[in-house]
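Descriptive structure summary
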Amino acid sequence: MEYETKSHCKYLIALHLILVVKYRKQLLKGDVGDFVKQKITEIAERSEFNIEEIEVDKDHIHILLTISPNISVASYVRRIKQSTTQSLWSRFKWFKKQFWVKKTFWSDGYFVCSVGNAAADTIRKYIQEQG
């Protein structure tokens, strides 16, 4: 990970983000997990954050991302959750049986912690070993 430079600042904000499937349902297997990773990567390409590592487990996803200092962490999380939920419901019609027709996928909360540059490789290895 490299430092980013804008007109008045130089920064490196790396975060370890964990999102959990609602009710801890083990839905992130196979096609669903691959689809979620693909969608989050697409969101990153058109947004102001970069995915360094991403891996799914059965009921949660780990993401190592770098962000810009001018947008809040909650805004990034909201964008990821909303976009992936809409895409998942469009693609996988059988979700109606899982969530009682309420268009949801992720639990309300999330885990996030900042990662110092020295520890980023440790977090990267941990995420790669998930699933």
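The text that follows walks through the structure, step by step, so that each part is easy to find. In this numbering scheme, every chain counts its residues from 1 along its sequence in written order. In keeping with the model being predicted, local features are shown solely for residues with a pLDDT of at least 70 and side-chain atom pairs are shown and tallied solely at 80 or more, while totals for entire chains, interfaces and linings include all residues. Where side-chain values are given, they derive from all heavy atoms of the structure, hydrogens and water being excluded.

1. Some details on the sheet that holds strand 6 (residues 111-115)
Our working definition: Here, any two strands with at least 2 DSSP bridges between them count as paired. The numbering of helices and of strands both runs from the N terminus, where a helix is a DSSP run of H or I of at least 4 residues and a strand a run of E of at least 2. Helix axes are fitted only over the stretch in contact, all axes being lines through C-alpha atoms; the angle between N-to-C directions runs from 0 to 180 degrees.
Spatial strand order, 4-5-3-6: four strands in an open sheet with antiparallel pairing. In the strand order of this sheet, the two ends are held by strand 4 (49-56) and strand 6, each with one partner. When strand polarity is set aside, the average angle formed by the axes of neighbouring strands in this sheet is 20°. Bridge analysis of strand 3 (residues 13-20) against strand 6 gives five bridges, and the strand direction is antiparallel. Paired with A14 across the strands is V115, a residue of strand 6.

2. Some thoughts on helix 1 (residues 31-45)
In plain terms, the rule: To estimate the expected span of a helix, count its residues, drop one, and scale the result by 1.5 Å. Per-residue accessibility, obtained with a 1.4 Å probe over protein chains only, is compared with the maximum for each type, and a residue is labelled buried under 20%, exposed over 50%, and partly exposed between these values. Contacts are assigned to residue pairs that have any heavy atoms within 4.5 Å of one another.
Along its 15 residues, helix 1 runs 21 Å from first to last C-alpha, staying within 8% of the 21 Å computed at 1.5 Å per residue. Restricting attention to buried positions, one finds in helix 1 the residues V32, G33, F35, V36, I40, I43 and A44. Against strand 4, strand 5 (60-67), helix 2 (73-91) and helix 3 (95-99) lie the buried residues of helix 1.

3. Considering the nonpolar core
As a reminder, the rule being used: Definition of nonpolar core: a set of buried residues of the types Ala, Val, Leu, Ile, Met, Phe, Trp, Tyr and Cys, connected through side-chain atoms within 4.5 Å.
Ranked by internal contacts, the top residues of the largest apolar core, which has 29 residues, are L28, I61 and F105. Secondary structure elements with two or more residues in this core: strand 3, helix 1, strand 4, strand 5, helix 2 and helix 3. A total of six residues in this core trace back to one element, the largest contributor, which is helix 1. Not counting residues within four places of it along the chain, the set of residues in contact with L28 comprises V21, G33, V36, V56, D57, K58, D59, H60, I61, F105 and W106. Listed in part, the five residues of the second largest apolar core include A14, L64, V115 and I127.

4. Brief notes about the environment of K125
Within the fold, K125 resides in helix 4 (residues 120-128). K125 sits 97 residues away from L28 along the chain, and the two C-alpha atoms are 20 Å apart.

5. Brief notes about the packing of helix 1 against helix 2
As a reminder of what qualifies: Roughly parallel means an angle under 35 degrees; roughly antiparallel, over 145; roughly perpendicular, 65 to 115; everything else is oblique. A crossing counts as left-handed when the near helix is turned anticlockwise from the far one by less than a right angle, and as right-handed when that turn is clockwise.
Running from N to C, helix 1 and helix 2 cross one another at 135°; their axes reach a closest spacing of 10 Å. With respect to helix 2, the axis of helix 1 lies oblique. As helix 1 packs across helix 2, the resulting crossing turns out to be right-handed. From helix 1, V32, F35, V36, K39, I40 and I43 reach across to helix 2, where they touch R79, I80, S83, T84, S87, L88 and R91.

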